[in-house]
Amino acid sequence: MHDDRTLVEARLKRVLDERIRPAVYPESVPLAVGIWTAPGEPVPVAEGLAAPRTPIAVGDPWGAPWGTSWITVTGTVPEAWAGRTVEALIDLGFDANMPGFQCEGLVYRPDGTPVKGLNPQNQWVRVAAPAAGGEQVLLHVEAASNPVILDYHPFLPTELGDKETAGDRPQYRLARMDLAVFDETVWQLVMDLEVLGELMAELPVDGARRWELLRAVERALDAVDLQDVNGTAAAARSQLEGVLAAPAVPSAHRISAIGHAHIDSAWLWPLRETVRKVARTTANMTALLEDEPDFLYTMSQAQQFAWIKEHRPEVYARVRKAVAEGRFVPAGGMWVESDTNMPSSEAMARQFVHGKRFFLDEFGVENHEAWLPDTFGFTGGLPQIIRNAGSRWLLTQKISWSQVNRFPHHTFLWEGIDGTRIFTHFPPVDTYNCSMKGSEIAHAARNFKDKGVARHSLAPTGWGDGGGGTTREMVAKAARLKDLEGSATVRWEKPAEFFAKAEAEYPDPPVWVGELYLELHRATLTSQARTKQGNRRSENLLREAELWCATATLRTGAEYPYEQLDRIWKTVLLHQFHDILPGSSIAWVHREAEATYAALAAELEGLIGAAQQALAGPAGGGRELVFNAAPHPRSAVPAGGAAVAVVHGAACEAVERPEGGFTLRNGLLEVVVDADGLIASVVEVASGRETVAPGSRANLLQLHPDFPNMWDAWDVDRFYRNTVTDLTGVDSLTAETGTGQASVRVARSFGSSTVVQTLTLRAGEQRVDIDTEVDWHETEKFLKAAFPLDIHTERYAAETQFGHLYRPTHTNTSWDAAKFEACNHRFVHLDEPGWGVALVTVSTYGHDVTRTVRDADGGTTTTVRFSLLRAPRFPDPKTDQGLHRFRHALVPGATIGDAVREGYRIGLPERRVTGSAERVAPLVEADTDALVVSAVKLADDRSGDLVVRVYEAGGGRARGRLTTSFPLAGAVPCDLLERPWDGTRGEVTVEDGTVCLALRPFELVTLRLRTAG
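Residues numbered from 1 in each chain as written. Predicted model: local features only at pLDDT ≥ 70, side-chain atom pairs only at ≥ 80, totals over all residues. Heavy atoms only, no water.

A. The arrangement of the packing of aromatic side chains in detail. Taken as a whole and judged by the stated rule, the model has 39 aromatic pairs. On the numbers, 5.5 Å between centres and 90 degrees between planes, the contact of Trp66 with Trp588 is edge-to-face. Of the two residues, Trp66 is situated in the loop between β4 (61–62) and β5 (67–76) and Trp588 in helix α17 (residues 587–616); the sequence distance between them amounts to 522 residues. A single burial state applies to Trp66 and to Trp588, both of which are buried. Residues Phe182 and Trp187 carry aromatic rings whose centres are separated by 6.2 Å and whose planes lie at 55 degrees to one another, so their mutual orientation is tilted. Stacked on the ring of Trp269, the Lys or Arg Lys277 has its end atom at 4.0 Å from the ring centre. The side chain of Arg472 reaches across the aromatic face of Trp124, ending 3.6 Å from its centre. (Phe/Tyr/Trp six-rings, centres within 6.5 Å; stacked < 30°, edge-to-face > 60°. Helix = DSSP H or I, 4+ residues; strand = E, 2+ residues; numbered from the N terminus. Buried < 20%, exposed > 50% of the residue type's maximum accessible area, 1.4 Å probe, protein only. Lys NZ or Arg CZ within 6 Å of the ring centre and 35° of its normal.)

Shown next as structure tokens:
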């Protein structure tokens, strides 16, 4: 037989595009259209429905950036259409290739009942089936003219990312506005031909099945009368029945499909628009669930459920009904799909506490999976947190975006820093927006790396980011792929059903140990410094507020601010979403975030101040109490308590050097700041050990060009290191000696920016504090602060949630080399046997560590560089412009325990309050620094129990005691939701009124402590 394959395939494409698809709507009449544009922010539904309309026609422009227009369409069903299916086709000016990234709409009936969302892939609204001739049609559309930020030429700087700079030029033109007859037979033929054509393209040319499909398609096309598609569609479908009925082979890959619409809680749109995106999509999905009995839909992010509950209760009622029926599945058990690299230990825990509790309270649903398809890498501390939240599975696909190394598994056990293992799945379909195309299904089957020992994978199916979720076309394709020869099989299944099957079939999966590092989007650890600082400050203030409010409640009877703390926590957790905290959202998002963090800080400072004053007694008492919120004592002030201030007697001095610069001394350290204002030497007095590598200078600010190949705010590409400018010019250099401290102040200027740094030694402290103020006005530049250390080590420690992890200082493998920018929380630590150095930070996350061998003496220089600022132009063209303040510290001679302690101290400074009390005893004290108390609060159930979170911080085994300053009636180990734990982790006993603990390396324990009486 002659090979006419390409001829038939080309015929299929043209006939589908030009004859069959247009015949889905064989008859149409225009709708009359009126419009009203809200003058500012979106208005309530009732106001939008009632507003007067102005006529508008197809082709007319509408929609200023970020505007809201209420569009009304009216018409009459022709008498000749009686008994047929009629739909309204409402095209707001969509680009079919950009679902979720442009204008969108929510359709309402005249009484204000929401119907469904409109988006580029979902422009129809069912009017009647069957229709009555003469039936009147009246629909309202709340249309959002969101501008296109990420266009066909991506990453171009634009002012459209903030309503304050976006202007008012209309963004769209109305397109089709019709009533039309919907021919379901033709539509079903389209689905048949699309599924078979897409499957055919994925099968081997020399296989019989491909040719069977080709001949069946050819027969179907022969049966179509191109001048009467609607009259011959049924005959064409009959030619395809045989090939569509052939079952899949027993060894076929098995795909669990779940309806999905990954909606970023903010990204290229502000938070207020996400509220409406969620309403549109959930209205769409509840409608589809009613039409399609086999379909299942899942939505993560408790925050998004809470939004529709508050803002669209009528949509939420439909969601609740579908959840109760088991069709609409809450997933993930987190408040938002957060970043996991940067949130603190407690914040990461609270993501699960607030998320899971919302689903339990609202729906009685307990999630066992963490659902993070789009998060930019996963910290090694996360498995323990997932397990302590009562969950046991994780889903993500983002690691498939890695630039260098292909991850070796799709289903595996992920082991965290403490040894906890979580059953983890990466969907091999390599997208969280699967549309059921044959190419996607075939890719999932081919790509699955665990063939031979497992055969199940999951496919989140639907358009995300406001694209409306799953479409009826996707459901139709899935029905045909349920059991079809040549294809993987597809079933709609809940995430929990998938995980149960996958776990059962794969009893001994491979293990991946440590962080799941994404070899991409590394610059998200630095972009938008103000957002990151606001997050860290909020985390620290929340720790203090809970600690001091709990102490004041138990000591003085003060009211504990349950509702206020709950609301603040949820706001902070929302802003940890994986495009807000990472700095990859539009200017509007970060402008609002900065204002929100400022308001939260003021509110938390008020709570802290009131609680501390209640504990200190009347302000006129004359004593100055020092409050210490850090988990380690300092001077005479206990951890979590307060005491009268102690004045250090040790002297500090700043001595001018003849060759320029100054020497700082405090009896513990001797620091040489040279004439360029750089740290030329830091000697630990007790050991005589030099910290700075020979021939090098520390605290060296370095400037790099920063223009990645794509994803500007997200990425830094390795070639940025090829060009560097050392900032050594000095505008001024001065020294000052004050009470208990000595400092050097150095001012520099470069480009259009200035920087002032203050290097300080304080009495009794073996660390050099470095305060940096940058007035930043660079573009596409990367600012680093370098510390070359005289340390020979193959690895270094970086703090993460509830512990630390180790990364290599070398680039032996491609996996090592890919980690050229990484995350720390409060410290990095490097050591040789017997001596180490810590670098601690208040609010920077990104850093790099490199090593070189010196020619002069053959020694090793290991350089740590903190990443301070960037200046990408997309999606916010003014990223990080303006004034910034940072604080870091260099701690010579530090053990890992010192690093932990100083990391907490630098971010939780002492507070001084005047009162009458001499001391405030801590509610809880640990007798060893290895046990770190990370949270002290009252139980959320308002029982009066004290909740204490403790973890082993050094990476070894620890035994110790927690002593309470109140009569202790009992201690119950709990999960993160403060429910009794099953007792399988940690040894906890109560002896003589103290809690005895024995913890494994990095083990986390949550305790409910009951007070006696």
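B. Examining the environment of His521 more closely. Note on placement: His521 falls in the loop between β22 (511–513) and α15 (529–556). Under the relative-accessibility criterion, His521 is labelled buried at 3%. Distance from His521 to Trp401, taken between C-alpha atoms, is 9.5 Å for residues 120 residues apart in sequence. Ignoring any residue separated from it by four or fewer positions in sequence, one finds His521 in contact with Phe376, Lys398, Trp401, Trp711, Trp714 and Asp715. (Contact = heavy atoms within 4.5 Å.)

C. Inspection of the environment of Leu296 at higher detail. Mapped onto the elements of the fold, Leu296 is located in the loop between α7 (271–291) and β14 (297–299). Along the chain, Leu296 and Trp492 lie 196 residues apart, while their C-alpha atoms are 6.0 Å from each other. With residues up to four places along the chain from it excluded, the contact list for Leu296 reads Ile258, Gly259, Leu289, Gly326, Arg327, Trp492, Glu493 and Lys494.

D. Main features of the environment of Asp982. The topology assignment puts Asp982 in the loop between β51 (968–974) and β52 (987–991). We classify Asp982 as exposed; its relative accessible area is 57%.

E. Local environment of the side chain of Glu273. Residue position: Glu273 is located in helix α7. If sequence neighbours within four positions are ignored, Glu273 has contacts with Ala144, Asn146 and Arg280.

By themselves, these observations are geometric and do not establish any function.
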